[in-house]
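Inside the fold
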Amino acid sequence: MVASLVFIAIALFMLVLVVWSRWRRRRIEKAPFPQSWLAYIEKILPIYNKLNAVDQQQLQRLIKVFIDQKSFYGCAGLQINDEIRVSIAAQACLLLLNRSGPVYGNLHYILVYPQAFQKTSIQVDEAGVVAQSDRGLLGESWSNGKVILSWDDVTRGVSDFSDGHNVVLHEFAHQLDTQSGSTNGAPPLYRNRYSVWAKVLAAEFDQLQQNALSNQHTVMDHYGATNPAEFFAVATETFFEKPLEMAQRHPELFEQLKLYYCVDPSAWQ
């Protein structure tokens, strides 16, 4: 009897939480979009004024929900302000246009450093020799609800929205990838699309690896040849920032990403 009451209480609590969350999201979406935020978007996101009115309004709603739901933390002395919040949210939410569902439901914390941050790695080789290495990172996406970004590189990435390098798009593509349960370059898809997705992306990944080994120039950064997860993230950067080149040189890959992201960035050029 006691166990049944506990189960009912938990179920009721979860139901109340879901209802409250939906009510809060609708309330946030209906709230006026701050004019100061709009000024930041127009300043930092060159393609914003090329979006149609419906997409602009949708992006504004997503940004409001994103900022309401995520906690931002400044690291190494960086003070978080609205420019930082809006800049990161605007770019991250581009990946969610015309797609239903939560706004990065598994993400809770965004840590922002003033510049590239150091990460210490410990590696053990086959002989048991332990080596420590320090490397500077522009960003990092974790599956436990955190994204880490360098503010210098956030601003650098959005200052030229045509070079195929954007740390926010890259790390938030990883966040979408993890929604399938593992970070492997295959985000959640409609069931009948996995076979085509796997065929196209595997072939493109193999080709990029060959090009990287022979040091051939490619539309996508050679970092995408590291593994399938990095390939998906780099392909996402290229899709949004260099859509015309990707559509011309990698039409099948472009089509798969267009179906997944439900937008055609070539229309914004």
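What comes next concerns the included structure. Because the structure is predicted, anything quoted here is derived from the model rather than measured.

Further remarks concern the packing of helix 6 (residues 167-178) against helix 8 (residues 228-241). Where helix 6 meets helix 8, the axes come as close as 8 Å, and the angle between the chain directions of the two elements is 130°. Classified by the angle between their axes, helix 6 and helix 8 sit oblique to one another. Relative to helix 8, the crossing made by helix 6 is right-handed. On helix 8, the residues touching Val-167, Leu-169, His-170, Ala-173, His-174 and Asp-177 of helix 6 are Ala-229, Glu-230, Phe-232, Ala-233, Val-234, Thr-236, Glu-237, Phe-240 and Glu-241. The class makeup of the residues in the contact of helix 6 with helix 8 is eight nonpolar, three polar and four charged.

A separate point is the side chain of Gln-56. Counting through the fold element by element, Gln-56 comes out in helix 3 (residues 53-69). On the basis of relative accessibility, which here comes to 17%, the residue Gln-56 falls in the buried class. Within the structure, the side chain of Gln-56 is placed 3.4 Å from the backbone oxygen of Leu-51, a separation counted as a polar contact.

All told, the structure shown has four salt bridges when counted by the stated rule. Measuring nitrogen to oxygen at the nearest pair gives 3.4 Å for the salt bridge that ties Lys-43 to Glu-83. Residue Lys-43 is found in helix 2 (residues 35-44), and its partner Glu-83 is found in helix 4 (residues 82-94); the two are separated by 40 residues along the sequence. Judged by relative accessible area, which is 22%, Glu-83 ranks as partly exposed. The partner of Glu-255 in a salt bridge is Lys-258, with the nearest N and O atoms 3.5 Å apart.

What counts, and where the lines are drawn
For every chain, the first residue of its written sequence is number 1, and the numbers climb from 1 along that sequence. Since the coordinates come from a predicted model, pLDDT governs what is reported: local features require at least 70, and pairs of side-chain atoms require 80 or more to be given and counted, while whole-chain, interface and lining totals use all residues. Remark: hydrogens and water are excluded; side-chain values derive from all non-hydrogen atoms of the structure. As a rule, the C-alpha atoms of each element are fitted with a line to give its axis, helices using only the stretch in contact, and angles between N-to-C directions run from 0 to 180 degrees. Think of it this way: any DSSP run of H or I at least four residues long counts as a helix, any run of E at least two long counts as a strand, and we number them from the N terminus. Should an angle lie under 35 degrees it is considered roughly parallel, over 145 roughly antiparallel, and from 65 to 115 roughly perpendicular; all remaining angles are considered oblique. Note on convention: the crossing is left-handed when the near helix lies turned anticlockwise from the far helix by less than a right angle, right-handed when the turn is clockwise. Here, residues are in contact when the closest pair of their heavy atoms is within 4.5 Å. Side-chain classes are defined by residue name, with Ala, Val, Leu, Ile, Met, Phe, Trp, Tyr, Cys and Pro counting as nonpolar, Asp, Glu, Lys and Arg as charged, and the others, Gly among them, as polar. Note on classification: 1.4 Å probe, protein chains only; a residue is buried when its accessible area is under 20% of the maximum for its type, exposed when over 50%, partly exposed between these limits. Between N or O atoms, a polar contact is any pair within 3.5 Å; within protein, one atom must be a potential hydrogen donor and the other a potential acceptor, and residues adjacent in sequence are included only when both atoms are from side chains. For this analysis, a salt bridge means a side-chain nitrogen from Lys or Arg found within 4 Å of a carboxyl oxygen belonging to Asp or Glu.

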